[in-house]
Amino acid sequence: MMNRRTFAKAVGLAATSTAALAATGEMAAARPVRPGRASTSFADVLQVDAGELNVGYVDLGPRDGQPVILLHGWPYDIHSYAEVAPILAKQGYRALVPYFRGFGTTTFRSPDTFRNAQQSRIALDIKDFMDALRIDRAVIAGYDWGTRTGDIIAAIWPQRVKALVSVTGYLITNREAQRAPIAAASEWAWWYQYYFSTERGAKGLADPKIGTDLARLVWRFNSPTWAFDEATFARTAAAFSNPDYVDIVLHNYRWRLGLADGARRYDALERKLAAAPPIAVPTITIDPAADPFTPAGEGAGYRHHFTGPYEHRTFPGIGHNVPQEAPADFARAVLDADRL
């Protein structure tokens, strides 16, 4: 059976990684494909070497605007912000939307790099991305994987975060705590976590048709009130043809469940994260009321983790993919967080 890595090469994405592999080392200077020029649309993706990766990203708005980094989740991509980023750009912000490792045009600079998706490494990717673009401090906003990543950066490197928008609150993972079972309905909602823990699930994710159908199913479950069309889904699904997509998704969920190891050099950082460090930067948290994973609760379950200026908002009738389902409200949260 053709796996996802082979499939991606067959459709030509391997060409993106070939040039990137010429670089080595942990850090490199910023080298956009089109130096000094912003993206004009979400079809206009730039590239920059940053740490282990050559990162694909969209860069809308004035070069000297306040940077806002918008972080997507799984099974989604940068197009979750296709409406949010232009709103922010029109308000004078520099809206940056990077593909995470394993998605879209983001590739590894070395074929020998461990395809690691533990939470600390993904957060370091965004810190490296900021360093590569010489961004000292940014507003960070995200949901799903993006929430966890933004929370980590705000907790561990608060000097790099001007303000935070955190959908479903505080999502930093404590792997030991995750060993405990949760309510049956919640376990059922996370079915794909357990599917990915099996070889059957790995083969399903790697199969182009089954993996795409699985993502579409997750979209429908996660966002029961969102009537997205097939063109909208297909635009994002193209990002799953990345040659490292399967390895990254599997490692992320298996690592969270304690079924896969991370890299030992991040052990100290993971211990800090497992202790649930507080977040002191100005923050707005959002509960999407139709999200099947985390029923809206006015932030009561995680309010104590946020020790700085803080607001909480509930979005009625909105599911998991908040920025794409409620772009105007999400953009307003970003603007308001920056003013806290």
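Residues numbered from 1 in each chain as written. Predicted model: local features only at pLDDT ≥ 70, side-chain atom pairs only at ≥ 80, totals over all residues. Heavy atoms only, no water.

What follows is about the overall build of the chain. The helix and strand tally for the chain stands at 14 helices and nine strands. Looking at the 340 residues of the chain, the share that counts as buried comes to 59%. Taking the intrachain contacts of the chain between residues at least 6 apart in sequence as the baseline, contacts between residues at least 24 apart amount to 76%. Put simply, the chain shows about 13,500 Å² of open surface, and 55% of that area lies on carbon and sulfur atoms. (Helix = DSSP H or I, 4+ residues; strand = E, 2+ residues; numbered from the N terminus. Buried < 20%, exposed > 50% of the residue type's maximum accessible area, 1.4 Å probe, protein only. Contact = heavy atoms within 4.5 Å. Areas by Shrake-Rupley, 256 points an atom, 1.4 Å probe, with all protein chains shown as cover.)

Take the nonpolar core next. With 103 residues, the main nonpolar core has Leu70, Trp74, Leu88 and Phe330 as its most contacted residues. Beyond its immediate stretch of four places on either side in the chain, Phe330 contacts Leu70, Tyr81, Val84, Ala141, Gly142, Val165, Val167, Ile286, Phe315, Val322 and Pro323. (Core = buried A, V, L, I, M, F, W, Y, C linked by side-chain atoms within 4.5 Å.)

To continue, consider empty space enclosed by the protein. Tallying each qualifying case throughout the model produces two cavities of 30 Å³ or more. Here the largest cavity defines a volume of roughly 70 Å³. Among the elements of the structure, helix H4 (119-132), helix H5 (145-156) and helix H11 (245-256) are those that each provide at least two residues to the lining of the largest cavity. Split by residue class, the lining of the largest cavity holds four nonpolar, four polar and two charged. Put simply, the second largest cavity is a space of about 30 Å³. In terms of lining, the second largest cavity is formed by Leu53, Val55, Pro98, Tyr99, Phe100, Arg101, Asp125, Ile126 and Phe129. Contributing elements (two or more residues each) for the lining of the second largest cavity: strand E2 (53-60) and H4. Here the lining of the second largest cavity takes three residues from H4, the largest share from any one element. (1 Å grid on protein atoms, 1.4 Å probe; cavity = no way out; pocket = protein on both sides within 12 Å on 5 of 7 lines; lining within 4 Å. Points joined across faces, edges and corners; volume = space filled by probe spheres on them. Nonpolar A, V, L, I, M, F, W, Y, C, P; charged D, E, K, R; others polar.)

Before going further, it helps to spend a moment on the pattern of salt bridges. Side-chain pairing between opposite charges can occur once the charged atoms of the two side chains come close. Overall, the coordinates contain 22 salt bridges when judged by the stated rule. Here the salt bridges do not stand alone but share partners, grouping Glu52, Arg101, Arg121, Asp125, Asp128 and Arg265 into one network. (Salt bridge = Lys/Arg side-chain N within 4 Å of Asp/Glu carboxyl O.)

Another point: the packing of H4 against helix H12 (residues 267-274). As a packed pair, H4 and H12 sit with axes 9 Å apart at the nearest point and diverge in direction by 100°. By the angle between their directions, the pair H4 and H12 is classed as roughly perpendicular. Between H4 and H12, the residues in contact are Gln119, Ser120 and Leu124 and Leu269, Glu270 and Leu273, respectively. Residues belonging to the contact of H4 with H12 are distributed by class as follows: three nonpolar, two polar and one charged. (Axes fitted to C-alpha atoms, helices over the stretch in contact; angles between N-to-C directions. Parallel < 35°, antiparallel > 145°, perpendicular 65-115°, else oblique.)

What follows concerns the pairing of strand E3 (residues 67-71). Most of E3 is tucked away, with five of its five residues classed as buried. Because side chains alternate across E3, one face comprises the buried residues Pro67, Ile69 and Leu71, and the other comprises Val68 and Leu70, equally buried. The pairing of E3 with strand E4 (residues 94-98) spans three bridges and is parallel. When the sheet's bridge partners are listed, Pro67 is paired in E4 with Arg94. (Pairing = 2+ DSSP bridges.)

For an α-helix, the turn length of 3.6 residues means that residues three or four places apart are oriented alike. In this model, H4 (14 residues) spans 20 Å end to end at C-alpha, consistent with the 20 Å of a helix rising 1.5 Å per residue. For H4, the complete set of buried residues consists of Gln119, Ser120, Arg121, Ile122, Ala123, Leu124, Asp125, Ile126, Asp128, Phe129, Met130 and Ala132. Just downstream of H4, Arg134 is the residue with a positive phi angle, here 60°. (Expected span 1.5 Å × (residues − 1).)

What follows is about the environment of Ala206. Along the polypeptide, Ala206 turns up in helix H8 (residues 199-206). For Ala206, a relative accessible area of 7% puts it in the buried group. With 40 residues separating them in the primary sequence, Ala206 and Val246 have C-alpha atoms 6.0 Å apart.

A word on the packing of aromatic side chains. Throughout the structure, instances matching the rule amount to 31 aromatic pairs. Aromatic pair Trp191 and Tyr192: ring centres 5.9 Å apart, planes at 85°, arrangement edge-to-face. For Trp191, a relative accessible area of 31% gives the class partly exposed. Centroid distance Trp226 to Phe228: 5.0 Å. Interplanar angle 50°. Geometry classified as tilted. Classification of Trp226 by relative accessible area gives buried; the value is 18%. For the cation-ring pair, Lys127 lies above Trp157, with the distance from its terminal atom to the ring centre recorded as 5.4 Å. (Phe/Tyr/Trp six-rings, centres within 6.5 Å; stacked < 30°, edge-to-face > 60°. Lys NZ or Arg CZ within 6 Å of the ring centre and 35° of its normal.)

The next thing to look at is the packing of H8 against H11. Relative orientation of the contacting elements H8 and H11 amounts to 145°, with a least axis distance of 10 Å. Like other packed secondary-structure pairs, H8 and H11 cross with a definite hand, here right-handed. Taking contact as the criterion, the partners of Glu199, Ala202, Leu205 and Ala206 in H8 are, on H11, Tyr245, Val246, Val249, Leu250 and Arg254. When the residues that make up the contact of H8 with H11 are grouped by side-chain class, the tally is seven nonpolar, no polar and two charged. (Left-handed = near helix turned anticlockwise from the far one by under 90°.)

When its volume is computed, the largest pocket comes out at roughly 920 Å³. In terms of lining, the largest pocket is formed by 34 residues, of which the most central are Leu171, Gln178, Ile182, Trp190 and Thr294. At the level of elements, H5, helix H7 (191-195) and H11 are the ones that each hand at least two residues to the lining of the largest pocket. For the lining of the largest pocket, a count of residues per class yields 17 nonpolar, 10 polar and seven charged.

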